[in-house]
Amino acid sequence: MSELKKIFEKVLDGERIDFQESELLYAEADFHALGQLAHQVRLNKHPEPLVTYVVDRNINYSNVCVCCCKFCAFYREPGDKDGYVLSFEEIGRKIDETVALGGTQILMQGGHHPDLPLTWYEEMLRWIKANHPVHIHAFSPPEVVFWSEKEGITVAEVIHRLRAAGLDSIPGGGAEILVDEVRSRVAPNKCPSDQWLGVMEEAHNQGLRTTATMMFGHLETPAQRLEHLFRVREVQDRTGGFTAFIPWTFQPDHTALSRCRKLTSVEYLRTLAVSRIVLDNVDNIQVSWVTMGPKIAQLALYFGGNDFGSTMIEENVVKAAGVAFRLSCEEIHRLVEGAGFIPRQRTMDYTLMETK
Ligand code: SF4
């Protein structure tokens, strides 16, 4: 029996594959057979034909940032005339609009602002919880590390303080590729991969759920993408705290890496499928309509994906790189049904909401 066939059988028997096996699968498996294998793994985990989504809004409280990541078209350096920090009232208005549209959470992220102390973020969380109670899915490991270094306190203490102020969960932003050789080239001022994973493990240990992401298609090799998946799998084995994995493709326009070639849909779908197969301990794999568009997102539901992500009432970061797909709840329903599944709204921790 060929090596590849043995790997297919192993996966179908519910066994875990190792790094070398994943390399062979990623490089050589037939495109459709790989998709079918990932879809079978998805059906074994989620036999019901449901595809979930969340109604939320990205609120980017500030675009001022000292990180200067090469792939980022969103940030402004301190002192730039286009730099901004939203007032609490503006944030409150955005939350009200989100809730009026059936939203259950807000996703908040911002630049690494050099002048905002940790107390500003605590006050923001407390103010939101007091005035506009909603699930707050916010920040990212690099921001947590930035505050810990700036304030001279441990990561554990930063998380503890944010949690006490109202933080409910942490999105997996800023992961890019969790291999330092790549990180040091695309995001030299962001925390290294051990620290990224360390923040997530600490958050899980303190009872916060988080997601994990991977932004791929810039300076990494296919093997480094796989390394990323295995590092996430390792932490998940210890904590079980990741609710979902979200791989998305780098959008090069308007960034310092604009000469990078945009990945094809086939490359995206292969990576999604291998993510579903390697991450046997992560329940949910999210498809990325924001970067791939609705049609490829539909196809991705047959390549291991079981979640359509968020309606993204507002999204600024990918939009800054010239990609601006927008979907309403109705459109998500139409797309999911058109692909042969039943759409269901969920919360951050994947609790299904009552159908109306
Ligand atoms: S990706 Fe985030 S940390 Fe990096 S420059 Fe942009 S806003 Fe700053």
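Below is a short write-up of the structure. (Residues numbered from 1 in each chain as written. Predicted model: local features only at pLDDT ≥ 70, side-chain atom pairs only at ≥ 80, totals over all residues. Heavy atoms only, no water.)

Read across the sheet, three strands follow the order β9-β1-β10 without closing on themselves; strand pairing throughout is parallel. Every other strand in the sheet has two partners, leaving β9 (307–310) and β10 (342–345) as the edge strands with one partner each. For this sheet the average axis-to-axis angle between neighbouring strands, irrespective of direction, equals 20 degrees. In terms of strand pairing, strand β1 (residues 50–54) meets β9 through two bridges, oriented parallel. What sits directly across from V54, in β9, is S310. (Pairing = 2+ DSSP bridges. Helix = DSSP H or I, 4+ residues; strand = E, 2+ residues; numbered from the N terminus. Axes fitted to C-alpha atoms, helices over the stretch in contact; angles between N-to-C directions.)

When we look at a pair of aromatic rings, we describe it by the centre distance and by the angle of the planes. As enumerated under the stated definition, the model contains twelve aromatic pairs in all. Feature note: the residues Y61, F88, W120, Y121, W127, F139 and W147 constitute an aromatic cluster, connected by ring pairs. (Phe/Tyr/Trp six-rings, centres within 6.5 Å; stacked < 30°, edge-to-face > 60°.)

In this section: helix α6 (residues 141–151). An α-helical segment advances 3.6 residues per turn. Residues three or four places apart therefore align on the same side. Judged by how many residues are buried, α6 sits mostly within the fold: eight of eleven residues are covered. Looking at α6, one finds that the buried residues are P141, P142, E143, V144, V145, F146, W147 and S148. Residues of α6 that are buried sit in contact with α5 (118–131), α7 (155–165), β5 (169–170) and α9 (193–205). After α6 finishes, the residue G152 shows a positive phi value of roughly 65 degrees. (Buried < 20%, exposed > 50% of the residue type's maximum accessible area, 1.4 Å probe, protein only. Contact = heavy atoms within 4.5 Å.)

Looking now at the pattern of salt bridges. Side-chain pairs of opposite charge can arise where the charged atoms are in close proximity. Applying the stated criterion across every chain yields a total of 16 salt bridges. Measuring nitrogen to oxygen at the nearest pair gives 2.8 Å for the salt bridge that ties R57 to E97. Taken together, the residues R57 in strand β2 (residues 56–59) and E97 in helix α4 (residues 88–100) connect sequence positions 40 residues apart. Here E97 falls in the partly exposed class, since its relative accessible area comes to 43%. Notably, a salt bridge pairs R261 with E267, separated by 2.8 Å at the nearest N-O pair. (Salt bridge = Lys/Arg side-chain N within 4 Å of Asp/Glu carboxyl O.)

What follows covers α9. In this model, α9 (13 residues) spans 18 Å end to end at C-alpha, consistent with the 18 Å of a helix rising 1.5 Å per residue. All buried positions along α9 are accounted for by S193, W196, L197, V199, M200, E201, A203 and H204. Backbone geometry just after α9 places G207 at a positive phi near 95 degrees. (Expected span 1.5 Å × (residues − 1).)

So, to be careful, I would describe these as geometric facts and stop short of saying anything about function.
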